[in-house]
Amino acid sequence: MSANRFHLAWFGAGGFGVKSWRKTWSGNGGWDWTSPQLFIDLAMALERACFDYLIIEDSSYVPDAYGGNAQAYLASATATPKLDPTVLAPVLAQATSKIGIVPTLSVTEYHPYMLARKINTMDHMSGGRTGWNIVTSSSHRAAQNYGHDQQVEHDLRYDMADEFFELACKLWDSWEADAVALDERNGVWADHTKVHTVDFAGKFFSSRGPLNANRSPQGRPVFTQAGGSDRGKEFAASTADSIICGTAGGVAEMKRFRDDVHQRMTRLGRPTGACKILFMCSPVVGETDAEAREKRAQQIAFAEEHPELGLLHLSRHSGIDFSVFPLDEPIPDTVSTNGHQQLLRQAIGLTPREFLRRTQGAVEMVGSPDTIAAQMDEIMQEVGGDGFLISNFDLNRRYISEITDGLVPALQRRGLVRTEYSHPLFRDNLLEF
Ligand SMILES: Cc1cc2nc3c(=O)[nH]c(=O)nc-3n(C[C@H](O)[C@H](O)[C@H](O)COP(=O)(O)O)c2cc1C
């Protein structure tokens, strides 16, 4: 086993929604997106390339932060529409047999019992390959869809997440591992002495329990989390099996982030190897370095022609209307948000135009498969681990193939990523190295 092997996962940006459309390689992406087929093709390709997992991003509202109405979001199919990831996840699990499938579910939109039951069901159905991308939600619009006036205050959302997590784990643990006796002779399917109520009464949630089905193959799903603020990192460090990091600012910043999380884990009494930190990136792959650079130049030109598209996400994640900010004046440090703090911190000081030129993730990766494989190797050696979370807002089948049939084989030839799965359970593969 190579000492410097790292992990790969995929972030399904935009969730179960419209992916690429109206571009050369979009296919019928604008209208056949409600079929799960593109996602099935993605999951199968990622499994062929031995990815650890696929996250299905989610949010459940129609944004209207940019320009004060939903026009730009609906016209461009940005962050809306989105179908329910928990309905897509079992379809992907059925089409695969090794890769981890991770739907996103919010602690401000679910009750812990309902979530624990859903995830337990999925982990059974997938044979132990289910994860939970734990999010708190951030928009007032999402909160209003669930009958609240406002989204809960930023840090308090993480307090709710702590309690939600504790209760969900108690529910997953409410059946002992050997509670199902399957004793046909005595007519005992489950031993009632091994199934326990949880009798949880917290500040935000309560539940009697037990869960109404036995433990799934993994018991608890694999937990992924993306908090980037201090409070978010603290929550992630105490709960996550894998942190998905959207940090900007280059390799030094990636290393700082990982060291910070490790310090928190050590203080919390967790071994640092128990959580794999994967860094978001969106490699631009070409036949040659020159071709890749040309592609990147076209991406930037497109972003500059349509500045609003690049600012829609910043607006919805922060709740700030960036349509009124001059494109070439730095975003002042007086702006603040109850939404995604990490993202807004990355934008402050840049002009909106500079912000939309930046790459997704910490480091720009542009080149042939071999060039990018070498770059990933170098980055991981400097950062110390644990891998990359690949994402592309403009997802089409050509991009999937560039990564899974171009970049991944180049990484495999260098011995940097796995060439086969060692274990049937998702968590065991994730924690293997
Ligand atoms: C890679 C990545 C994926 C994320 N996926 C989702 C998601 O699917 N749904 C969601 O509501 N928030 C998502 N978030 C937002 C995070 O859950 C979190 O709210 C955000 O990183 C801000 O955290 P902070 O306020 O602690 O900095 C994601 C963030 C990152 C960086």
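Conventions we followed
- Residues numbered from 1 in each chain as written.
- Predicted model: local features only at pLDDT ≥ 70, side-chain atom pairs only at ≥ 80, totals over all residues.
- Heavy atoms only, no water.
- Helix = DSSP H or I, 4+ residues; strand = E, 2+ residues; numbered from the N terminus.
- Rg over C-alpha atoms; globule rule 2.2 N^0.38 Å.
- Buried < 20%, exposed > 50% of the residue type's maximum accessible area, 1.4 Å probe, protein only.
- Contact = heavy atoms within 4.5 Å.
- Areas by Shrake-Rupley, 256 points an atom, 1.4 Å probe, with all protein chains shown as cover.
- Lys, Arg positive; Asp, Glu negative; His and termini not counted.
- Charge placed at Lys NZ, Arg CZ, Asp CG, Glu CD.
- Pairing = 2+ DSSP bridges.
- Axes fitted to C-alpha atoms, helices over the stretch in contact; angles between N-to-C directions.
- Parallel < 35°, antiparallel > 145°, perpendicular 65-115°, else oblique.
- Nonpolar A, V, L, I, M, F, W, Y, C, P; charged D, E, K, R; others polar.
- Expected span 1.5 Å × (residues − 1).
- Arc of directions from axis to C-beta.
- Polar contact = N/O pair within 3.5 Å; in protein donor to acceptor, adjacent residues only side chain to side chain.
- Domains from an automatic or database assignment.
- Buried area = accessible area lost by both parts, 1.4 Å probe.
- Salt bridge = Lys/Arg side-chain N within 4 Å of Asp/Glu carboxyl O.

### Things to note about the overall build of the chain
Point 1. From N to C terminus, the chain includes 15 helices and 16 strands.
Point 2. By the compact-globule yardstick of 22 Å for 433 residues, the chain fits well, its C-alpha radius of gyration being 22 Å.
Point 3. Projected onto its principal axes, the C-alpha coordinates of the chain cover approximately 75 × 55 × 45 Å.
Point 4. The burial tally for the chain puts 54% of its 433 residues in the buried class.
Point 5. Sequence-distant contacts, at least 24 apart, represent 73% of the contacts inside the chain between residues at least 6 apart.
Point 6. Surface summary for the chain: the accessible area is close to 18,500 Å², and the carbon and sulfur share equals 51%.
Point 7. Considering the chain, the positive charge centre built from 42 side chains and the negative charge centre built from 54 side chains are found 2 Å apart.

### Considerations on the pairing of strand β11 (residues 222-225)
Point 1. Alternating residues of β11 divide into V222 and T224 and F223 and Q225, and every residue in both groups is buried.
Point 2. Taken together, the four bridges between strand β6 (residues 131-135) and β11 define a ladder with parallel strand orientation. Within β11, the position partnered with W132 by the bridge is F223.
Point 3. Bridging between β11 and strand β12 (residues 242-245) involves two bridges; their strand directions are parallel. Residue pairing across strands places Q225 opposite I243, the latter belonging to β12.

### Concerning the packing of helix α1 (residues 37-48) against helix α14 (residues 397-413)
Point 1. Where α1 meets α14, the closest approach of the two axes is 9 Å, and the angle between their N-to-C directions is 10°. The angle between α1 and α14 places the two elements in the roughly parallel class. Touching Q37, L38, D41, L42, A45, L46 and R48 of α1 are R397, I400, T404 and D405, all from α14.
Point 2. Per-class residue counts for the contact of α1 with α14 are five nonpolar, two polar and four charged.

### Thoughts on helix α9 (residues 289-305)
Point 1. Between its terminal C-alpha atoms α9 stretches 24 Å, which fits the 24 Å expected from 17 residues at 1.5 Å a residue.
Point 2. Taken residue by residue, α9 has A292, K295 and R296 as its buried positions. Taken down its axis, α9 places every buried residue within 100° of arc, on the same side. Exposed side of α9, more than 90 degrees from the buried face: R293 and E305 are the residues found there.

### Let's talk about the environment of D394
Point 1. Here D394 lies in the loop between β16 (387-391) and α14.
Point 2. The spacing of D394 and A13 is 381 residues in sequence and 8.9 Å in space, taken between C-alpha atoms.
Point 3. Those residues in contact with D394, other than ones at most four positions away along the chain, are S20, W21 and K23.
Point 4. Of note is the side chain of D394, whose polar atom sits 3.1 Å from the side chain of S20.

### Topic: the sheet that holds strand β5 (residues 100-106)
Within a beta sheet, neighbouring strands are joined by backbone hydrogen bonds and run either parallel or antiparallel to one another.
Point 1. Here eight strands make up a closed barrel; going around it, the order is β1-β3-β5-β6-β11-β12-β13-β16 and the pairing parallel. Here the average twist between neighbouring strands, direction ignored, is 25°.
Point 2. The strands touched by helix α3 (residues 85-95) within the sheet are β3 (53-56) and β5, with β5 carrying the most contacts at an inclination of about 175°.
Point 3. In this fold helix α4 (residues 112-125) packs onto β5 and β6, with an angle of close to 170° to the strand it touches most, β5.

### Side note on the domain arrangement of the chain
Point 1. In terms of domain boundaries, the chain breaks down into domain 1 (7-172 + 215-288 + 361-430) and domain 2 (174-209).
Point 2. The straight-line distance from the C-alpha centre of domain 1 to that of domain 2 is 31 Å.
Point 3. Between domain 1 and domain 2 the total buried area reaches about 1,200 Å² when both faces are included, carbon and sulfur atoms providing 69% of it.
Point 4. Across the contact surface, domain 1 and domain 2 share zero salt bridges.
Point 5. On the surface where domain 1 and domain 2 come into contact, there are six residue pairs in polar contact (both at pLDDT 80 or more).
Point 6. Listed by contribution, the elements that provide at least two residues to the side of domain 1 that touches domain 2 are α4 and α6 (154-172).
Point 7. Here the element with the most residues in the side of domain 1 that touches domain 2 is α6; it accounts for 10 residues.
Point 8. Classifying every residue of the side of domain 1 that touches domain 2 by side-chain character gives 10 nonpolar, one polar and five charged.

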